[in-house]
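Here is what each chain is made of, one letter per residue.
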Amino acid sequence: MGDTRECTGRNLVFLVGAPRSGTTWLQRLLASHPQIRTGQETHLFNAYIYPLLRSWRTELAKADAGVGRSGVGLPCYFTEEEYFDLVREFLYRILEGVTRDTGPGAVFLEKTPAHARFIPEIKSMLREARFIHVIRDPRDVAASLLAAGQGWGRAWAPTTIGPAARKWVEHACSARAAAGELSASEYIEVRYEDLLTSPVERLGELAEFMGLEWSNDAIRCAIDANEAEALRKGGGTPIPVRGAVAERRGNLVSEPVGFVRAARAGSWRSDLSFRQKLHIWRKIRPIMAEYGYSWPIRDWF
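Bear in mind the structure is a predicted one, so any value in this text is a computation, not a measurement. (Residues numbered from 1 in each chain as written. Predicted model: local features only at pLDDT ≥ 70, side-chain atom pairs only at ≥ 80, totals over all residues. Heavy atoms only, no water.)

## Details of the packing of helix α6 (residues 161–179) against helix α13 (residues 274–290)
Which entries qualify depends on this criterion: Axis geometry follows a simple rule: fit a line to the C-alpha atoms, using only the stretch in contact for helices, then measure angles between N-to-C directions, giving values from 0 to 180 degrees. By the criteria applied, helices consist of DSSP H or I runs no shorter than four residues and strands consist of E runs no shorter than two, each listed in order from the N terminus. For classification purposes, an angle smaller than 35 degrees is called roughly parallel, one larger than 145 roughly antiparallel, one from 65 to 115 roughly perpendicular, and anything else oblique. By the convention used here, residues are in contact when the closest approach between their heavy atoms is within 4.5 Å. The classification used treats Ala, Val, Leu, Ile, Met, Phe, Trp, Tyr, Cys and Pro as nonpolar, Asp, Glu, Lys and Arg as charged, and all other residues, Gly among them, as polar.
Put simply, α6 and α13 touch, their axes get as near as 10 Å, and they point 5° apart. Relative to α13, the element α6 is oriented roughly parallel. Of the residues in α13, those touching α6 at Ile161, Gly162, Ala165, Trp168, Val169, Cys173 and Arg176 are Gln276, His279, Ile280, Ile284, Ile287, Met288 and Glu290. For the contact of α6 with α13, the residue count by class is 9 nonpolar, 3 polar and 2 charged.

## A few points about unusual backbone geometry
Across the chain, the bulk of peptide bonds are trans and the bulk of non-glycine residues have phi less than zero. For clarity, the threshold we go by: The rule is simple: take the accessible area with a 1.4 Å probe, protein chains only, and divide by the maximum for that residue type; under 20% is buried, over 50% is exposed, in between is partly exposed.
Here histidine 43, not a glycine, exhibits a phi torsion of approximately 55°, which is positive. Not every positive phi belongs to a glycine, and alanine 263 is a case in point at roughly 55°. Here alanine 263 is to be found in the loop between α11 (243–249) and α12 (268–271). When its relative accessible area of 31% is taken as the criterion, alanine 263 is described as partly exposed.

## As for the environment of alanine 244
Here alanine 244 is to be found in helix α11. Given the relative accessible area of 42%, alanine 244 is considered partly exposed. Spatially, the C-alpha atoms of alanine 244 and glutamate 189 are 34 Å apart, while their sequence positions differ by 55 residues.

## Considerations on the pattern of salt bridges
Working definition: two side chains of opposite charge can pair if their charged atoms are close together. Stated formally: What counts as a salt bridge is simple: a side-chain nitrogen of Lys or Arg found within 4 Å of a carboxyl oxygen of Asp or Glu.
Using the criterion set out here, one finds 11 salt bridges in the structure. Glutamate 41 is paired through a salt bridge with lysine 111; the nearest N and O atoms lie 2.6 Å apart. Of this pair, glutamate 41 sits in the loop between β2 (36–38) and α2 (44–65) while lysine 111 sits in strand β3 (residues 107–111); the two residues are 70 residues apart in sequence, bridging distant segments of the chain. Overall, the relative accessible area of 2% leaves lysine 111 in the buried class. Across the pair aspartate 217 and arginine 220 runs a salt bridge, and its minimum N-O distance is 3.2 Å. With aspartate 217 and arginine 220 both in helix α9 (residues 216–225), this residue pair falls 3 residues apart, about one helical turn.

## Description of the pairing of strand β4 (residues 130–135)
In plain terms, the rule: We treat two strands as partners when DSSP finds at least two bridges between them.
Counting buried positions over the 6 residues of β4 gives 6, a clear majority of the element. Alternating residues of β4 divide into Arg130, Ile132 and Val134 and Phe131, His133 and Ile135, and every residue in both groups is buried. With 5 bridges connecting them, strand β1 (residues 12–17) and β4 associate as parallel partners. Residue pairing across strands places leucine 15 opposite isoleucine 132, the latter belonging to β4. Where β4 lies against strand β5 (residues 187–191), 5 bridges are found, and the strand directions are parallel. Following the sheet pairing, valine 134 is matched in β5 by valine 190.

## Considerations on α13
Here is the rule: One less than the residue count of a helix, multiplied by 1.5 Å, gives the span that helix is expected to have. Bending is quantified residue by residue as the angle between axes fitted to the seven-residue window ending at that residue and the seven-residue window starting at it.
End to end, α13 covers 23 Å across 17 residues, agreeing with the expected 24 Å (1.5 Å per residue, within 8%). The sharpest bend along α13 measures roughly 75° and falls at isoleucine 284, with the proline proline 286 sitting one to four residues further on. All buried positions along α13 are accounted for by Lys277, Ile280, Ile284 and Met288. Of the surrounding secondary structure, the elements contacted by the buried residues of α13 are α5 (138–149), α6 and α12. Just past α13, the residue glycine 292 takes up positive phi, approximately 90°.

In short, shape yes, function no, at least from these values alone.
So this is what it looks like as structure tokens:
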């Protein structure tokens, strides 16, 4: 197993956040930079790597606990070091393909919102990887999730307020908890509302975080190219697609009708019903306050 090649993840920046937090918009904005490459969501850790790690830990825990037989699964064939070397080799080979067009000095921006919940696993295998965490008002996130659940996102988005609110909590709290183990050069937060009101400043800070220069004029061009109306019409900075999906559906990401909604802050006031607002206020108001979203009762409408 000593043949496994090391990949530190130095050229990788993971863009994470709760679904419907504006991660796709920020991805397109940042992809306007000439030294940033990106692509469609890989779901690399949540759908591929983490299940491999979880299966190993589950089988080994059963064996340690004496559950059933003396032990089953791959722990009967490999030591932990051997198995994790195999998982790393798989990960590195995948990343070779994902980042193949990322030249020297460039950055690959991987945008999978669900990776907010797997930052420790990512860092354990890619020690120099960096993270941008988009945080958005959970009331707007919940409203957007519910709208997606009634339309283009019905296969995955929640249709009731409880699961919608929990989805924000799971992603936001997981990312911030992991941030406690990371330095300022490894993790940065950006608020969706700040991107709306001060986009040049915030994008400049993110470019600096990634070690890239980006002039204010170039940033303004990126903002103009990715306005909400342009995105609704299928415009904006293109996100490339390769592989089997490209053979079936074309080589650019095409968002479904309704993907871009209000694209503003505070639409929850009219989007959510009284009962939905009450649920969020009762269940997650203290957590919201920790993220800077205070909600006194007088500010309901």
